[in-house]
Every structure is written in structure tokens, then in C-alpha cells.
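Survey of secondary and tertiary structure
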Amino acid sequence: MSKSSYIYVSYIRSTPDKVWDALTKPEFQKIYWGGTYQDTDWKPGSAWKMMLSDGRVADQGEVIEADRPKRIVLKWRNEFRPELKDEGWSRCVMDIEPQGEMTKLTITHSIDRDDSKFIVAVSGGWPKILSSMKSYLETGKPLPDGK
């Protein structure tokens, strides 16, 4: 079996600590992610949930690794679209690296299957979400629709 994956790289005029906080703290996520936020304590082995603004669970999984402010690794599965949930567990790695006055953020989302509909879905979502986060961190304002 081969792997489907999506990689997104962004350079953000901010510090690794601020990028970490934007990725991990619900009060920031809700601003740039249209009310969506992650529910976890960010400790390896802990449950992880992506919560929609209406209280539904969008995705769930487990924190595999959390090394502030460098790296987050999540076991991740979609919960609200049956055809995506049926694909099983994916892996999301968020690498945060200082680059002078900027921070390089690399998201690698992968799943052990060919032609993954889940990877197609996240490849459409991550650019909007992370562009909104970048805008928020650099200007204090998310993109107009919050994602």
C-alpha cells in the first residue's frame, strides 16, 4: 500500500512561540478558523478533537508528540463525512522552525492509502486556514471569512 500526502509550507513574520500558540490555543484558533478549535491538553497520549463552532466534533485522534515550540504530531480521523471516516487514521505533522525574523511552518498530512479523498479535502482546507492564521499573526486580523 502506498501513501497519500499533502505538504504545505508557510513563512510567517512571527516567532515560533506565537505560531505555536496560534496552532494550540482555542482562543486564537476560533478567531482565524471561523469558530473551529482544537480540544486537547497537548500531552502525548492525550485525546485530541477538532470542534466545530456549533459543538459538533469534526475530527478526532490523539496527540502523538508535542514539543513546544518545534513540533506537533497528531493521529487524525475525520468524523463527520462517512466516506472520509472510512479511510481511517491519518498523521498530521506540524514542524515550526525559526528563520531569522520569520518562522517556517510545515504541515505534512498523510494517510496509508492510495488516492485518499481525505487528503484531497485537507489540501483544500489547510491553505485557507493557515493563510488566515498568517494574516492574523502578521496584521491582527484573520482573512475576512475567518478561514
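Definitions and limits used
Residues numbered from 1 in each chain as written. Predicted model: local features only at pLDDT ≥ 70, side-chain atom pairs only at ≥ 80, totals over all residues. Heavy atoms only, no water. Helix = DSSP H or I, 4+ residues; strand = E, 2+ residues; numbered from the N terminus. Contact = heavy atoms within 4.5 Å. Buried < 20%, exposed > 50% of the residue type's maximum accessible area, 1.4 Å probe, protein only. Phe/Tyr/Trp six-rings, centres within 6.5 Å; stacked < 30°, edge-to-face > 60°. Lys NZ or Arg CZ within 6 Å of the ring centre and 35° of its normal. Pairing = 2+ DSSP bridges. Axes fitted to C-alpha atoms, helices over the stretch in contact; angles between N-to-C directions.

A few words now on the side chain of Ser 14. Structurally, Ser 14 is set in the loop between strand E1 (4–12) and helix H1 (16–24). In contact with Ser 14, not counting residues within four places along its chain, are Val 19, Glu 101, Met 102, Thr 103 and Leu 137.

Residues Arg 68 and Pro 69 are joined by a peptide bond in cis, for which omega reads -10°. Relative to the assigned elements, Pro 69 resides in the loop between strand E4 (57–67) and strand E5 (71–78). Phi angles above zero are rare outside glycine, and Trp 42 is one such case at about 60°. The topology assignment puts Trp 42 in the loop between strand E2 (37–39) and strand E3 (47–51). Residue class for Trp 42 comes out buried when judged on its relative accessible area of 12%. For Asp 115, which is not glycine, the phi dihedral falls at a positive 45°. Counting through the fold element by element, Asp 115 comes out in the loop between strand E7 (102–111) and helix H4 (117–139).

Here we come to the packing of aromatic side chains. Taken as a whole, this structure holds 5 aromatic pairs when the rule is applied. Ring geometry for Trp 33 against Trp 126: centres 6.1 Å apart, planes inclined by 50°, an arrangement best described as tilted. With Trp 33 in the loop between helix H2 (26–32) and E2 and Trp 126 in helix H4, this residue pair connects regions lying 93 residues apart in the sequence. Take Trp 33: its relative accessible area is 8%, and that puts it in the buried class. By relative accessible area, Trp 126 is classed as buried at 4%. Their ring planes at 65° and their centres at 5.9 Å tell us that Trp 76 and Trp 126 sit as a pair that is edge-to-face. Separated by 50 residues along the polypeptide, Trp 76 in strand E5 and Trp 126 in helix H4 bring together distant segments of the chain. Chaining the aromatic ring pairs together yields one cluster made of Tyr 32, Trp 33, Trp 48, Trp 76 and Trp 126. The ring of Tyr 37 carries the charged tip of Lys 30 above its face, separated from the ring centre by 4.6 Å. Its guanidinium or amino end placed over the ring of Trp 89, Lys 75 lies 4.7 Å from that ring's centre, counting from NZ or CZ.

The next subject is the sheet that holds E1. If you walk across this open sheet you meet the 7 strands as E1-E7-E6-E5-E4-E3-E2, and the pairing is antiparallel. Looking at which strands have only one partner, the edges of the open sheet turn out to be E1 and E2. Ignoring strand direction, the axes of neighbouring strands in this sheet form an average angle of 25°. Here E1 runs beside E7; their pairing, made up of 9 bridges, is antiparallel.

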